[in-house]
Each structure stands twice: as C-alpha cells, then as structure tokens.
Amino acid sequence: MQRAYRLGLTGGIGSGKSTVAQILASAGAAIMDADAIARSITAPHGAAIAPIAEAFGPQAIGADGALDRAYMRQLVFQDATARQRLEAITHPLIAQLTEQQALQAQQRGARLLVFDVPLLVESGRWRQQLDAVLVVDCEPETQIQRVMARNGLERTAVEKILAAQARRQQRMAAADYVIYNDGIDLAALRTEVLSISAWLPL
C-alpha cells in the first residue's frame with residue numbers, strides 16, 4: 001500500500017480553517033478533524049468521560065453525561081494546571097483515534113490525508129508526523145469580528161481565546177504553505193486552496 005501524503009492544516013480561531021478543510025475534502029482529500037474527535041470523546045459515553053470524572057470530580061460532567069464545558073472553561077481560567085491535566089487525558093485519545101481514521105482512509109485509497117488541528121503549533125508533537133503544514137492566516141481583527149458574529153461572543157471573550165492560542169508569527173514560522181483568507185470571497189478562497197492542492201497528491 002502506497003503511503004499517503006500527510007498535510008497538517010491549522011489556523012487561529014475564525015481564520016476559515018474549517019472552510020479550507022471542506023474545499024480540500026471536495027477535491028478528494030481525507031480529513032481527520034481533531035476538534036470533532038475531541039467532541040466525540042467528551043460526549044456522553046465518550047472515552048474521556050470516566051477519566052475526566054475521576055480527575056476533576058463528578059461536577060465536571062453535565063447532567064447529560066457529557067463534559068461540562070462551561071465548568072471546565074471556568075476551572076481552566078482559575079487553575080493553571082487544569083488545562084494540562086485535561087489535555088493529559090484527552091490528547092492521547094485524540095492521537096489514537098486520529099491515527100485510526102488516517103489508517104482507514106489510507107486503506108480506502110486516499111492519497112492525501114489532511115490533519116485539521118487547531119492547536120497544531122501549540123502542541124509541539126504534530127510537526128514530526130507530517131509531510132507539510134498549511135496555515136490559514138488572516139488579520140486578528142478579522143478573526144475577532146468573525147467569531148463575534150458566528151458565536152455571539154463578546155469581544156473580550158474572543159480576545160482571551162486568541163491570547164491562549166499561538167501567536168500569528170509562530171504559526172507562520174511553522175508553515176510550508178500559507179493561505180491569506182482576508183478580504184476575499186469564497187470563490188477566491190477556493191481558487192487559492194486548489195492552486196496549492198495542485199502540488200499535492202489528490
């Protein structure tokens with residue numbers, strides 16, 4: 001079986017990374033969505049629920065049996081070690097399921113595996129597993145406006161999220177390809193993505 005090309009896809013919140021992933025998928029790439037996997041393991045009966053309850057207490061789990069995200073968000077802001085303890089539980093599970101999906105996609109004949117990882121640069125462990133990294137970039141103010149409109153969050157809440165993510169310069173330094181998704185429409189973005197994908201095995 002021929003080894004598939006492994007492309008990391010990342011970008012700050014509101015950069016348009018998910019839209020780029022959809023365009024690549026429509027061109028034939030197999031997408032491994034780390035956020036979707038994270039949501040699945042913290043959903044009711046998810047693989048991370050029992051260890052999270054053991055580590056943080058039953059109050060970390062909502063009445064529906066899923067991770068209580070509001071509680072955990074508050075805890076992370078109050079306790080600097082809480083994020084690290086949560087990630088020590090979730091990251092190995094996400095990595096395991098991501099690799100399972102990648103292997104299945106390759107067995108189905110996928111030639112391009114796209115690993116859609118919001119915190120790819122921050123994690124520090126992804127780069128050595130990839131052939132290249134594609135960064136979706138835009139101005140910070142554009143990110144703020146998009147997230148405020150999409151999620152209904154206050155500006156200060158979005159700014160806190162941005163502050164917790166890698167700086168723009170850090171992402172750019174990790175990039176093999178960059179798409180500047182600012183001031184362009186969807187058709188222009190699609191053209192830009194497909195111009196890069198022409199260099200990739202699809």
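Just so you know, these numbers come straight off a predicted model, no measurement behind them.

Here we come to the UniProt feature "binding site: ATP" (unreviewed entry) in the protein chain. The UniProt record annotates "binding site: ATP" (unreviewed entry) at Gly14, Ser15, Gly16, Lys17, Ser18 and Thr19. Within the annotated group, the residues that form the lining of the largest pocket are Gly14, Ser15, Gly16, Lys17, Ser18 and Thr19. Within the element layout of this structure, Ser15 appears in the loop between β1 (5-10) and α1 (17-26). Exposure remark for Ser15: the relative accessible area of 1% places this residue in the buried category. The residues touching Ser15, leaving out its near neighbours within four places in the chain, are Val136, Cys138, Gln143, Arg146 and Asn181. Within the secondary structure layout, Ser18 lies in helix α1.

A few words now on the layout of surface pockets. Within this model, the largest pocket holds a volume of roughly 2000 Å³. In terms of lining residues, the largest pocket is bounded by 48 residues, among which Asp35, Arg83, Pro118, Leu119 and Gln165 are the most central. Contributions of two or more residues to the lining of the largest pocket are made by α1, α2 (34-41), α4 (69-78), α5 (82-107), α6 (120-123), α7 (140-151) and α8 (155-164). Residue composition of the lining of the largest pocket, grouped by class: 19 nonpolar, 15 polar and 14 charged. Two domains each put at least three residues into the lining of the largest pocket: domain 1 (1-29 + 110-201) and domain 2 (37-94).

Here Lys17 shows up in helix α1. Sequence-distant contacts of Lys17, defined by excluding residues within four places in its chain, comprise Leu9, Thr10, Gly11, Asp116, Pro118 and Val136.

Here we come to the domain arrangement of the protein chain. For the protein chain, the domain assignment lists domain 1 (1-29 + 110-201) and domain 2 (37-94). Using C-alpha coordinates to define each centre, domain 1 is positioned 25 Å away from domain 2.

Within the sequence span of helix α3 (residues 49-56), burial applies to Ile49, Ile52 and Phe56. Viewed along the axis of α3, the buried residues span an arc of 65°, placing them on a single side of the element. Projecting away from the buried face of α3 at angles above 90 degrees are the exposed residues Ala50 and Glu54. In the core, the buried residues of α3 are packed alongside α2, α4 and α5.

For the coordinates displayed, the defined rule picks out 1 aromatic pair. Pairing Phe115 with Trp126 gives two aromatic rings, centres 5.6 Å apart and planes at 50°, and the pair type is tilted. Placement of the pair is Phe115 in strand β3 (residues 112-116) and Trp126 in the loop between α6 and β4 (132-137), with a sequence separation of 11 residues. The residues Phe115 and Trp126 share a single accessibility class, namely buried. Here the guanidinium or amino end of Lys160 rests over the ring plane of Phe77, the centre of that ring lying 5.1 Å away.

This part covers the pattern of salt bridges. Taken as a whole and assessed by the stated rule, the structure comprises 9 salt bridges. As a salt-bridge pair, Arg127 and Asp176 come within 2.6 Å of each other at their nearest N and O atoms. Separated by 49 residues along the polypeptide, Arg127 in the loop between α6 and β4 and Asp176 in the loop between α9 (168-174) and β5 (177-180) bring together distant segments of the chain. Three or more residues joined by partner-sharing salt bridges are found here, namely Asp137, Glu139 and Arg168.

Quick notes on the rules
Residues numbered from 1 in each chain as written. Predicted model: local features only at pLDDT ≥ 70, side-chain atom pairs only at ≥ 80, totals over all residues. Heavy atoms only, no water. UniProt positions renumbered as here; feature names shortened; annotations may be inferred. 1 Å grid on protein atoms, 1.4 Å probe; cavity = no way out; pocket = protein on both sides within 12 Å on 5 of 7 lines; lining within 4 Å. Helix = DSSP H or I, 4+ residues; strand = E, 2+ residues; numbered from the N terminus. Buried < 20%, exposed > 50% of the residue type's maximum accessible area, 1.4 Å probe, protein only. Contact = heavy atoms within 4.5 Å. Points joined across faces, edges and corners; volume = space filled by probe spheres on them. Nonpolar A, V, L, I, M, F, W, Y, C, P; charged D, E, K, R; others polar. Domains from an automatic or database assignment. Arc of directions from axis to C-beta. Phe/Tyr/Trp six-rings, centres within 6.5 Å; stacked < 30°, edge-to-face > 60°. Lys NZ or Arg CZ within 6 Å of the ring centre and 35° of its normal. Salt bridge = Lys/Arg side-chain N within 4 Å of Asp/Glu carboxyl O.

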